[in-house]
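# Report on the structure
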Protein chains: 2
Amino acid sequence: MADDGSNLVLGSAAALNRFCRDALIALGVPEADAAVAATIVMESDLRGIESHGLPRFEAFYVNGIKEGRIKPRPNIQVVSEAPAVALIEGDHGLGMVVGHRAMSLAIEKARATGAGFVTVRNSRHFGIAGYYATMAMEQQMIGLSMTNASPLMPPTYGSEARLGTNPIALAAPAADGQNFVLDMATTTVAAGKFEVALRKGARVPKGWGGDDQGVPTDDPKLARYGRHYSPLGGTPEMASHKGYGLSSMVEVLCGVLSGSEPAPIQKNWSNIGHFFGALNIASFRPVADFEAMMADMNRSLRETPRVEGADRVYVPGDKEREAKARHLARGIPLYPEVLESLRRVGRDLGVPLDL
Amino acid sequence: MADDGSNLVLGSAAALNRFCRDALIALGVPEADAAVAATIVMESDLRGIESHGLPRFEAFYVNGIKEGRIKPRPNIQVVSEAPAVALIEGDHGLGMVVGHRAMSLAIEKARATGAGFVTVRNSRHFGIAGYYATMAMEQQMIGLSMTNASPLMPPTYGSEARLGTNPIALAAPAADGQNFVLDMATTTVAAGKFEVALRKGARVPKGWGGDDQGVPTDDPKLARYGRHYSPLGGTPEMASHKGYGLSSMVEVLCGVLSGSEPAPIQKNWSNIGHFFGALNIASFRPVADFEAMMADMNRSLRETPRVEGADRVYVPGDKEREAKARHLARGIPLYPEVLESLRRVGRDLGVPLDL
């Protein structure tokens with residue numbers, strides 16, 4: 001957690017949101033799209049997901065636009081459609097803008113038919129998968145979101161990376177507002193977890209990944225770039241074929257269903273595919289009943305007797321919700337490298353960085 | 001694998017299917033329902049999933065009906081419906097019959113709207129989740145299937161079981177017929193894996209589960225009944241919160257969305273919830289293009305360079321497809337306890353057991 005915060009500079013979420021928005025506008029992104037993208041970037045920092053958001057703003061999005069990998073004004077289009085589904089062409093736009101558009105369409109379809117499922121081709125990095133799932137949750141729906149990513153993980157028994165960290169997110173509302181928000185990479189850890197350890201000067205558990213020869217390492221730099229991330233499960237004995245299976249499931253829905261091409265066969269990784277789903281709770285049963293039962297289930301999980309030495313049992317989303325409340329109240333802690341990166345962006349684009 | 005087969009009795013799939021069907025009919029199940037249930041039971045043995053199917057036929061299904069936990073003639077009904085979704089009341093019928101009905105409805109809806117998602121309440125054990133996913137796959141759809149189950153797994157940091165092995169299955173067709181069929185428990189292993197080790201007199205890895213005090217054990221009997229199954233990931237350091245998160249996600253869709261009540265709050269475990277989905281590939285893009293890309297992706301995964309000592313890299317579904325071909329050709333190997341159990345059922349119900 002960054003928020004021991006002792007000697008980190010704090011920035012206000014609102015000010016940092018404006019900064020990101022204005023930087024994107026300066027790069028030629030239309031104002032409404034820039035606002036959407038900035039909000040999704042900041043939501044990562046608010047939720048305390050240090051592997052995404054501001055730490056990646058310059059490298060992934062600003063440089064992506066400057067170097068021509070991301071189009072600031074893409075022509076996002078619905079390629080094919082049926083009452084409950086659609087395929088969207090992302091035209092190499094900012095993944096946040098493409099993703100927001102696609103999830104909005106899924107929600108609209110779910111309102112009409114009970115379910116909306118949208119797959120996306122030719123997009124770019126879309127930030128945290130969980131954001132899109134919570135968009136549906138805020139409409140009294142169950143939201144689902146996935147994306148494929150560049151190859152970093154060998155399949156079980158393989159020695160070369162073929163699949164990405166391919167996250168799965170699912171969000172569902174609870175009556176007490178302590179909602180269920182699962183947002184997880186299907187590798188043991190996401191790439192950003194190594195970057196967090198690097199920023200903190202920490203070692204990592206050896207089971208998380210190997211160096212470029214696949215030798216397990218506790219050096220976060222070797223593991224970050226070694227392209228030998230372990231699938232969830234870790235080892236074949238501990239069922240790493242399931243993490244590999246989930247990652248390839250995400251490829252089926254994001255890479256193959258969309259035609260974006262899945263990572264194992266994409267020559268030069270650049271076309272990202274996403275998958276979004278919304279289920280309209282009211283089409284199944286009364287929303288209030290659902291939300292009350294969600295709260296009851298979550299409470300039972302949190303109240304599970306604990307193993308010795310453990311402080312709490314969490315429900316997916318608890319840590320992020322609490323981090324968000326803290327960060328809204330006190331500000332977002334910024335590591336020196338992150339602050340420096342934002343200052344560089346500000347100078348370069350002529351956008352003042354107020355914290 | 002059972003099929004070293006050296007000293008196991010072999011039975012023909014067709015004969016065993018008839019036996020199961022006739023046994024269910026003798027128990028009062030209508031003929032058409034008995035045929036569906038028998039086929040799903042046998043599909044498990046055909047695919048080599050030794051944790052389900054015939055080894056559970058007596059204990060789960062025959063005794064379930066005899067002891068009144070399962071109704072042979074349930075009143076399965078659609079409770080609520082929208083163009084792309086439905087909620088089904090299972091009325092405590094055989095899970096295979098309820099599940100088949102629910103997935104058939106999901107497929108019908110997907111044909112009309114592109115997507116069909118059906119949640120089910122008050123059902124019973126439905127066998128292998130993968131069967132229902134492949135029902136959709138055979139209709140040129142992506143099929144999804146999940147079920148909740150009795151509590152066997154403590155949440156990460158918890159010391160008492162709150163969630164089941166809650167499997168996730170997804171199936172997608174490939175042009176070469178070597179289809180993608182993921183079918184996995186969200187615990188490190190399913191309950192049946194301990195039973196398989198018991199039948200074989202083998203030990204199990206200590207990370208799979210603990211005894212009834214939570215102490216890790218390699219004794220399959222202690223682990224089977226210890227209700228301390230590890231979530232996929234194994235330990236907190238290796239991200240067991242993700243296996244726990246996936247298991248609770250399955251509860252949201254099976255237990256809460258259906259109103260069947262999720263395992264953490266169900267007083268006396270008896271009402272199982274399922275969740276089924278179908279996505280009509282043709283509503284997104286040409287089926288032939290999708291299936292060709294699936295085959296290409298699968299091939300790339302299988303051809304990944306291997307770690308030393310490894311024979312093959314598998315795609316989800318490969319092992320089961322090959323087992324099915326073998327079992328159809330040579331017969332299904334029956335462990336002595338399984339054979340004895342079937343003989344007992346046959347004597348009891350007056351149904352001859354021909355192998």
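Quantities reported herein were computed from a predicted structural model and do not represent experimental measurements.

### With respect to the overall build of chain A
Regarding its fold elements, chain A presents 11 helices and 11 strands. Its C-alpha radius of gyration of 20 Å places chain A within 12% of the 20 Å reference for a compact globule of 355 residues. Here the C-alpha coordinates of chain A stretch approximately 55 × 50 × 45 Å along the principal axes. Within chain A, buried positions represent 61% of all 355 residues. Pairs at least 24 apart in sequence give 62% of the contacts found in chain A among residues at least 6 apart.

### Structural notes on the relation of the copies chain A and chain B
Between the two copies of the chain lies a relationship made up of a rotation around an axis and a movement along it. Mapping chain A onto chain B calls for a rotation angle of 180 degrees and an axial translation of 0.0 Å; the resulting RMSD is 0.0 Å. Viewed as a symmetry operation, the transformation between the two copies matches a two-fold axis. It is Gly 233 of chain A whose C-alpha, among those of chain A, lies nearest the rotation axis, at 2.1 Å. A share of 100% of the interface residues of chain A reappears at the interface of chain B, consistent with the copies meeting face to face through the same patch.

### Remarks on the sheet that holds strand β2 (residues 77-82) of chain B
Residues and elements named next belong to chain B. Taken in spatial order, the seven strands of this open sheet run β2-β3-β4-β10-β5-β6-β7, and their pairing is mixed. Only two strands of the sheet have a single partner each, and these edge strands are β2 and β7 (180-184). Put simply, the sheet's adjacent strands are angled 10 degrees from each other on average, direction ignored. Across four bridges, strand β5 (residues 141-147) lies against strand β6 (residues 168-172) in antiparallel orientation.

### A word on the environment of Tyr 131 of chain A
You can see Tyr 131 of chain A is positioned in helix α5 (residues 129-137). When the C-alpha positions of Tyr 131 of chain A and Thr 147 of chain A are compared, they lie 12 Å apart, and in sequence the two are 16 residues distant.

### Comments concerning the interface of chain A and chain B
Contacts between chain A and chain B engage 67 residues on the former and 67 residues on the latter. Only β2 (77-82), β3 (85-89), β4 (115-123), β6 (168-172), β7 (180-184), α8 (240-256) and α9 (287-302) of chain A provide two or more residues apiece to the side of chain A that touches chain B. A total of eight residues in the side of chain A that touches chain B trace back to one element, the largest contributor, which is α9 of chain A.

### Observations regarding the domain arrangement of chain A
All names here are of chain A. Considered domain by domain, chain A is made up of domain 1 (1-73 + 331-355), domain 2 (74-188 + 236-302) and domain 3 (190-229). Summarising the inter-unit geometry, the C-alpha centres of domain 1 and domain 3 are found 25 Å apart. Domain 1 puts six residues into the contact, and the matching count from domain 3 is seven residues. Partitioning the side of domain 1 that touches domain 3 into residue classes produces two nonpolar, two polar and two charged.

### Quick word on helix α10 (residues 318-330) of chain B
Residues and elements named next belong to chain B. For α10, with 13 residues, the first-to-last C-alpha span of 18 Å sits near the 18 Å given by 1.5 Å per residue. Buried within α10 are the following residues: Glu 320, Ala 323 and His 327. Considered in projection along α10, the buried side chains sweep an arc of 60 degrees and stay on one side of the axis. Among the exposed residues of α10, those pointing more than 90 degrees away from its buried face are Ala 325 and Ala 329. Close packing links the buried residues of α10 with α1 (13-26), α2 (31-46), β7 and β11 (332-334). At the exit of α10 stands Gly 331, carrying a positive phi of roughly 110 degrees.

### Some details on the pairing of β6 of chain B
Residue and element names in this part refer to chain B. Within β6, five of the five residues are buried, leaving the element largely enclosed by the surrounding structure. A two-sided burial pattern is seen for β6, the buried positions comprising Ile 168, Leu 170 and Ala 172 on one face and Ala 169 and Ala 171 on the other. For β6 and β7, the ladder comprises five bridges, and the chain directions are antiparallel. Each bridged residue has a counterpart across the sheet, and for Ala 171 the counterpart in β7 is Val 181.

### Looking at the sheet that holds β7 of chain A
All names here are of chain A. Reading across the sheet, the seven strands line up as β2-β3-β4-β10-β5-β6-β7 and stay open at both edges, with mixed pairing between neighbours. The open sheet has two edge strands with one neighbour each: β2 and β7. With strand direction ignored, the average angle separating the axes of adjacent strands in the sheet is 10 degrees. As judged from the seven bridges shared by strand β5 (residues 141-147) and strand β10 (residues 272-280), these two strands associate in the antiparallel manner. Residue pairing for β10: Thr 147 is matched across the bridge by His 274. Where α5 meets the sheet, its contacts fall on β5, β6, β7 and β10, and the angle it forms with β5 comes to roughly 160 degrees.

### A word on unusual backbone geometry
Look at Tyr 157 of chain A: it is not a glycine, yet its phi comes out positive at around 75 degrees. Position of Tyr 157 of chain A among the secondary structure elements: in the loop between β5 and β6. Phi is positive for Asn 122 of chain B, close to 55 degrees, though the residue is something other than glycine. Classification of Asn 122 of chain B by C-beta neighbours within 10 Å gives buried; the count is 21.

### Some remarks on the pairing of strand β10 (residues 272-280) of chain B
All names here are of chain B. Most of β10 is tucked away, with nine of its nine residues classed as buried. Burial along β10 is two-sided: Ile 272, His 274, Phe 276, Ala 278 and Asn 280 facing one way and Gly 273, Phe 275, Gly 277 and Leu 279 facing the other are all buried. Pairing of strand β4 (residues 115-123) with β10, which is carried by seven bridges, proceeds in the antiparallel orientation. When the sheet's bridge partners are listed, Val 120 is paired in β10 with His 274.

Definitions and cut-offs
Residues numbered from 1 in each chain as written. Chains lettered and ligands numbered in written order. Predicted model: local features only at pLDDT ≥ 70, side-chain atom pairs only at ≥ 80, totals over all residues. Helix = DSSP H or I, 4+ residues; strand = E, 2+ residues; numbered from the N terminus. Rg over C-alpha atoms; globule rule 2.2 N^0.38 Å. Buried ≥ 20, exposed ≤ 12 C-beta atoms within 10 Å, placed from the backbone. Contact = placed C-beta atoms within 7 Å. Least-squares fit on C-alpha atoms with pLDDT ≥ 70 in both. Pairing = 2+ DSSP bridges. Axes fitted to C-alpha atoms, helices over the stretch in contact; angles between N-to-C directions. Domains from an automatic or database assignment. Nonpolar A, V, L, I, M, F, W, Y, C, P; charged D, E, K, R; others polar. Expected span 1.5 Å × (residues − 1). Arc of directions from axis to C-beta.

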